[in-house]
Structures are given as structure tokens and as C-alpha cells.
Amino acid sequence: MALSTATASNELRFDTGRICLDLLTTTHPEERLDSVDVLRAWITGSGLVPADTALAHADTGWLLAFRELRAQVDRLVRCRPRPGVATYDLALARVNDLARTAPPAPRAVRGEDGRLLRRLDGPPGCAALLAAVARDAVDLLTDPVARAALRQCEGDNCPIVYLDTSRGRRRRWCSSEVCGNRERVARHRRRAALARA
């Protein structure tokens, strides 16, 4: 999986610890999945497909499908499962339905230098890629250890949910470089203002 942090609203993030959670980051601070080109970049950056996979066949239908999956996963991650809550049950049914499709089939091929490289058996379809993300969400939601490690960023106005795999499970921010840095700068300014007063 690729790692990066965002500093501008158009950059994609891949630092939450799960592909399904990385998809959720595409709404903050504003809609990032605003074109098929950005979706292609997200699919590649998330590690769903090898970097040189052709995704020219992706279209606006893909964009709408990924946004819809994102909304369903968001409902499931942010809500506590309670019997009879219709929106939760509908989101769960939709994610389960998407997870049924087989994800893209990987294969190992020799590169020019003889090393083995990961390639897909053929061009990935939208349903197969959605299935990979939906299966990741199912794995997350059904793993009590992973579920217990879910955290909401403590940064001001940051809705990002991430998997806290830090030692001691004391991670506070989605990204130390983004929200953590903002908090440290704000703390420094408050101390400087108090010192001047």
C-alpha cells in the first residue's frame, strides 16, 4: 500500500491503516473523488492494483459506485451496530453484497530483470475493485481487535477515522505531519501569547 500524507485539499491520503478507511479520507477537507482521473489515482495509490495497471476503461459509473460504497462504509464505521437500525442494516447489506464479487486476480510474472512482479490477470472491472474494498471493510468490521483500534482524529474539524497500530495505542491524530503539526503549532502560539500577556 502506498503511504502519503495530505497537505493540500486535492492530495490523496493512504495513511489510515486500511484501504476502506483510506477511501473515507477522500471526503476531507472537501470532495476529492471529483473526477475519474482522481479515482484512477486513488485506485492505484491505495494498492488495489499494481502501479502500471491500465484503468482507461474506468468511467463516471465507477466514480458513482465508489462514492456510494464510501458512504456505506462510513455509516458502518461511525455507527455502533444496533439491531433494527434501518440505515445501518441497509449499509451492511450493501457492503456484503459488493463483497460477494471476486476481487481482481493477481499473478506473479517475471520482470525484465528477472524479479517477480505482481500483475493482474486482466483489466480489473469496477465490481472486482469494489469487492476488494468491501471485503476490507468486512474484515475490519468483523475483527474485534481491529475494530477496537479504530480512532477518530483529535485534530480540529478532522473527521478522519484511522486504525491505531501505534505502540501503546496512544496515537491522537490521523497524521502527525498534518493534524499533529497543526496542534503543535497552535499549542506553541497559545504558550507564546500567554508569555507575552
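See the structure shown above.
These remarks concern the structure in this document. (Residues numbered from 1 in each chain as written. Predicted model: local features only at pLDDT ≥ 70, side-chain atom pairs only at ≥ 80, totals over all residues. Heavy atoms only, no water.)

## Remarks on the overall build of the protein chain
This is how the line gets drawn: Strands are runs of DSSP state E lasting at least 2 residues, helices are runs of H or I lasting at least 4, and numbering of each runs from the N terminus. Only protein chains enter the accessibility calculation, which uses a 1.4 Å probe. A residue is then buried if its area is under 20% of the maximum for its type, exposed if over 50%, and partly exposed in between. Only heavy atoms enter the contact rule, under which two residues are in contact if any of them lie within 4.5 Å. Accessible surface area values rest on a Shrake-Rupley calculation with a 1.4 Å probe, where residue burial reflects the displayed protein chains alone. Under the counting rule used here, the positive set is Lys and Arg, the negative set is Asp and Glu, and His together with the chain ends is not counted. For the purpose of locating charges, the reference atoms are NZ of Lys, CZ of Arg, CG of Asp and CD of Glu.
Helix and strand counts for the protein chain come out as seven helices and four strands. If you line up the protein chain on its principal axes, its C-alpha atoms span 65 × 55 × 35 Å. The 197 residues of the protein chain split such that 41% are buried. Within the protein chain, residue pairs in contact and separated by at least 24 positions form 52% of the contacts whose partners lie at least 6 positions apart. Working note: accessible area of the protein chain is about 11100 Å², and carbon and sulfur atoms make up 53% of it. Each charge class in the protein chain was averaged separately, 32 positive and 24 negative side chains, and the resulting centres sit 7 Å apart.

## A look at the layout of surface pockets
What counts, and what does not: Lining residues are those with an atom within 4 Å of a point, where the points come from a 1 Å grid over the protein atoms alone and group into cavities, where a 1.4 Å probe fits but cannot get out, or pockets, open sets with protein on both sides within 12 Å along at least five of seven lines. Grid points are joined across faces, edges and corners, and a volume is the space filled by probe spheres set on the points. Any residue outside Ala, Val, Leu, Ile, Met, Phe, Trp, Tyr, Cys, Pro, Asp, Glu, Lys and Arg is labelled polar, Gly included; the first ten of those are nonpolar and the last four are charged.
Empty space within the largest pocket amounts to approximately 220 Å³. Along its surface, the largest pocket is lined by Val77, Arg78, Cys79, Arg80, Arg147, Ala148, Leu150, Arg151, Gln152 and Val161. Among the elements of the structure, α3 (60-78), α6 (144-148) and β3 (150-152) are those that each provide at least two residues to the lining of the largest pocket. With three residues, β3 is the single largest residue contributor to the lining of the largest pocket. Split into classes, the residues belonging to the lining of the largest pocket amount to five nonpolar, one polar and four charged.

## Some words on helix α5 (residues 126-142)
Put simply, the test is: Each helix should span, by expectation, one fewer than its residue count multiplied by 1.5 Å.
Counted at 1.5 Å a residue, the expected span for α5 with its 17 residues is 24 Å, and the 24 Å between its end C-alpha atoms agrees. By the criterion of burial, α5 is predominantly enclosed, with 12 of the 17 residues buried. Listing the buried residues of α5 in full gives Cys126, Ala128, Leu129, Leu130, Ala131, Ala132, Val133, Ala134, Asp136, Ala137, Leu140 and Leu141.

## Things to note about helix α2 (residues 36-45)
All buried positions along α2 are accounted for by Val36, Val38, Leu39, Trp42, Ile43 and Gly45. At its buried positions, α2 is contacted by α1 (19-24), α3 and α5. Just downstream of α2, Gly47 is the residue with a positive phi angle, here 90°.

## Considering the packing of α2 against α3
Describing two packed helices takes the angle between their axes plus the distance from one axis to the other. Rules: Here, axes are lines fitted to C-alpha atoms. For helices the fit covers the stretch in contact, and angles between N-to-C directions go from 0 to 180 degrees. We call two directions roughly parallel when the angle between them is under 35 degrees, roughly antiparallel when it is over 145, roughly perpendicular when it lies between 65 and 115, and oblique otherwise. Should the near helix be turned anticlockwise from the far one by less than a right angle, the crossing is left-handed, and should it be turned clockwise, the crossing is right-handed.
Across the interface, α2 lies against α3 with an axial gap of 9 Å and an inter-helix angle of 60°. Judged by the angle between their axes, α2 and α3 are oblique. The way α2 lies across α3 gives a crossing that is left-handed. Of the residues in α3, those in contact with Val36, Leu39, Trp42 and Ile43 of α2 are Thr60, Trp62, Leu63 and Phe66. By residue class, the composition of the contact of α2 with α3 is seven nonpolar, one polar and no charged.

## As for the side chain of His28
Tracing the sequence through the fold places His28 in the loop between α1 and α2. With a relative accessible area of 16%, His28 lands in the buried category. In contact with His28, not counting residues within four places along its chain, are Asn157, Cys158, Pro159 and Ile160.

## Some thoughts on the environment of Glu31
Our working definition: Polar contacts here mean pairs of N or O atoms no more than 3.5 Å apart (in protein, one a potential hydrogen donor and the other a potential acceptor; neighbouring residues in sequence count only if both atoms are side-chain atoms).
Relative to the helices and strands, Glu31 resides in the loop between α1 and α2. Once the C-alpha coordinates of Glu31 and Arg67 are considered, the two residues, 36 residues apart in sequence, prove to be 9.9 Å apart. Here Glu31 is in contact with Thr26, Arg67 and Arg70, once residues within four sequence places are set aside. A distance of 2.8 Å separates a polar atom in the side chain of Glu31 from the backbone nitrogen of Leu33. In terms of polar contacts, Glu31 uses its side chain to reach the side chain of Arg70, at 2.7 Å.

Functional significance is not addressed by these values, which are geometric in nature.
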